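# Topology and contacts: notes
Listed below, chain by chain, are the residues.
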Amino acid sequence: MQLSIALDLPTAEENLALVSKLSQYDDLWMKVGFRSYIRDGRPFIGAIKAINPHFRIFLDLKLYDIPNTMADAAEEIAAIGVDMFNIHASAGEIAMRTVMARLNKQQQRPLVLAVTALTSFDEKGFSAIYGKGIDEKAVQFAKMSYENGLDGVVCSTFESRAIKEVTSGDFLTLCPGIRPFGEDAGDQQRIATLERAKIEMVDFPVIGRPIYQDPDPAGKVAQILPLL
Ligand code: C5P
């Protein structure tokens, strides 16, 4: 497993202070989300790489638009030097194929994941939009993403193994809602420990609060790394 740290602190300064505290660990992924990227943009990505050029960047912008606009955006994301980004699976197969065809023209491209079901949906709200239950649709979206050349999906730890069974063991799963040692769930509904994530063959556990709210984030990462 590869640890992905959610940089969800309120300011760029606080996020970069956290990144600096973790600078000794080369193998980390840094998840940059909507708020950070809209506010702090490309210089923020550069600032992370300046702290440790080995850190890899997951740009969590969840693209959703018409296929050509998504492919244009994907190309710009690749040009920033980001290592992984995501799109909404519900943007559809043509969008997936258009994005991947554009990126595959490049010698090196970022990994592309699809968001299956946002965890904020309850069953009723989800089926009002997608016409099916969350579990069924998440697996269907994962299959669609695999068949159209994406590298993996964002999903719950508890869906990871089922998704690999209908796609491939190499099809990546990135899973938030991880509480490494069973820490406070916060607003997460279904949490998993790292031990469970490993059993479920998660490739990228995403961890935010259990690391950045710890008084010693570097010490916490030191405890986590041997379990990956
Ligand atoms: O602090 P915590 O470990 O709960 O952070 C999880 C991260 O994963 C946050 O950045 C959150 O926005 C993100 N995320 C999530 N559930 C999803 C998709 C993303 O918690 N379904």
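This structure is a prediction, so every number in the text was calculated from the model and none was measured.

### Quick word on the side chain of Ser 145
- Structurally, Ser 145 is set in helix H6 (residues 134-147).
- In contact with Ser 145, other than residues within four places in its own chain, are Ala 89, Met 96, Ala 114, Leu 150, Val 153 and Phe 171.

### Here's the deal with the site of the ligand
- With respect to spatial proximity, the complete set of residues near the ligand consists of Ala 6, Asp 8, Lys 31, Thr 119, Pro 176, Arg 179, Gln 188, Val 206, Ile 207, Gly 208, Arg 209 and Pro 210.
- Here an oxygen atom of the ligand sits 2.9 Å away from a polar atom, N or O, in the side chain of Lys 31.
- Alone, the ligand offers 470 Å² of accessible surface; in the complex the protein occludes 82% of this.
- For the ligand, the cavity whose grid points lie within 2 Å of the majority of its atoms is the largest pocket.
- At the level of secondary structure, the elements contributing two or more residues to the shell around the ligand comprise strand E8 (204-207) and helix H9 (209-212).
- Here the residues of the shell around the ligand are counted per class, giving five nonpolar, three polar and four charged.

### Some words on the side chain of Glu 183
- Its location among the elements puts Glu 183 in the loop between strand E7 (172-175) and helix H8 (194-199).
- A distance of 2.8 Å separates a polar atom in the side chain of Glu 183 from the backbone nitrogen of Phe 181.
- In contact with Glu 183, not counting residues within four places along its chain, are Ile 191, Pro 210 and Lys 220.

### As for the environment of Met 84
- Mapping Met 84 onto the fold places it in strand E4 (residues 84-88).
- Look at Met 84 and you get buried, because its relative accessible area is 0%.
- When the C-alpha positions of Met 84 and Phe 171 are compared, they lie 14 Å apart, and in sequence the two are 87 residues distant.
- Residue contacts for Met 84: discarding those within four places in its chain leaves Trp 29, Ile 57, Phe 58, Leu 59, Pro 110, Leu 111, Leu 113, Leu 174 and Phe 204.

### Observations regarding unusual backbone geometry
- Positive phi is not limited to glycine here, since Lys 62 has a value of about 50°.
- Along the polypeptide, Lys 62 turns up in strand E3 (residues 56-63).
- Residue class for Lys 62 comes out partly exposed when judged on its relative accessible area of 30%.
- One non-glycine residue, Met 201, lies in positive phi territory at about 65°.
- Relative to the helices and strands, Met 201 resides in the loop between H8 and E8.
- On the basis of relative accessible area, Met 201 is assigned to the partly exposed category, the value being 39%.

### Regarding the sheet that holds E7
- Read around the barrel, eight strands follow the order E1-E2-E3-E4-E5-E6-E7-E8 and close on themselves; strand pairing throughout is parallel. On average, each strand axis in the sheet is inclined to that of its neighbour by 25°, with strand direction left out of account.
- As paired strands, strand E5 (residues 111-115) and strand E6 (residues 152-154) are joined by three bridges and run parallel to one another. Bridged to Val 115 within E6 is Val 154.
- Strands E3 and E4 of the sheet are contacted by helix H3 (residues 67-80), whose axis makes an angle of about 165° with E3.

### With respect to the environment of Ala 47
- By the secondary structure assignment, Ala 47 is in helix H2 (residues 34-51).
- Along the sequence, Ala 47 and Tyr 25 sit 22 residues apart, while their C-alpha atoms lie 16 Å from each other.

### Considerations on the pairing of E4
- Extensive coverage of E4 is indicated by the burial of five of its five residues.
- Neither face of E4 is exposed, since Met 84, Asn 86 and His 88 on one face and Phe 85 and Ile 87 on the opposite face are all buried.
- With three bridges connecting them, E3 and E4 associate as parallel partners. Paired with Leu 59 across the bridge in E4 is Phe 85.

### Quick notes on the layout of surface pockets
- Estimates place the volume of the largest pocket at around 1,100 Å³.
- Along the wall of the largest pocket there are 43 residues; nearest its centre are Thr 119, Ser 120, Pro 176, Gly 177 and Gln 188.
- Among the secondary structure elements, those contributing two or more residues to the lining of the largest pocket are strand E2 (29-33), H2, E3, H6, helix H7 (157-166), E8 and H9.
- In terms of residue class, the lining of the largest pocket is made up of 18 nonpolar, twelve polar and 13 charged.
- Within this model, the second largest pocket holds a volume of roughly 160 Å³.
- Lining the second largest pocket, in full, are Trp 29, Ala 78, Gly 81, Val 82, Asp 83, Gln 106, Gln 108, Arg 109, Pro 110 and Leu 111.

Definitions and cut-offs
- Residues numbered from 1 in each chain as written.
- Predicted model: local features only at pLDDT ≥ 70, side-chain atom pairs only at ≥ 80, totals over all residues.
- Heavy atoms only, no water.
- Helix = DSSP H or I, 4+ residues; strand = E, 2+ residues; numbered from the N terminus.
- Contact = heavy atoms within 4.5 Å.
- Near = heavy atom within 4 Å.
- Polar contact = N/O pair within 3.5 Å; in protein donor to acceptor, adjacent residues only side chain to side chain.
- Areas by Shrake-Rupley, 256 points an atom, 1.4 Å probe, with all protein chains shown as cover.
- 1 Å grid on protein atoms, 1.4 Å probe; cavity = no way out; pocket = protein on both sides within 12 Å on 5 of 7 lines; lining within 4 Å.
- Sits in = over half its atoms within 2 Å of the grid points.
- Nonpolar A, V, L, I, M, F, W, Y, C, P; charged D, E, K, R; others polar.
- Buried < 20%, exposed > 50% of the residue type's maximum accessible area, 1.4 Å probe, protein only.
- Pairing = 2+ DSSP bridges.
- Axes fitted to C-alpha atoms, helices over the stretch in contact; angles between N-to-C directions.
- Points joined across faces, edges and corners; volume = space filled by probe spheres on them.

Just geometry here; none of it tells us what the structure is for.
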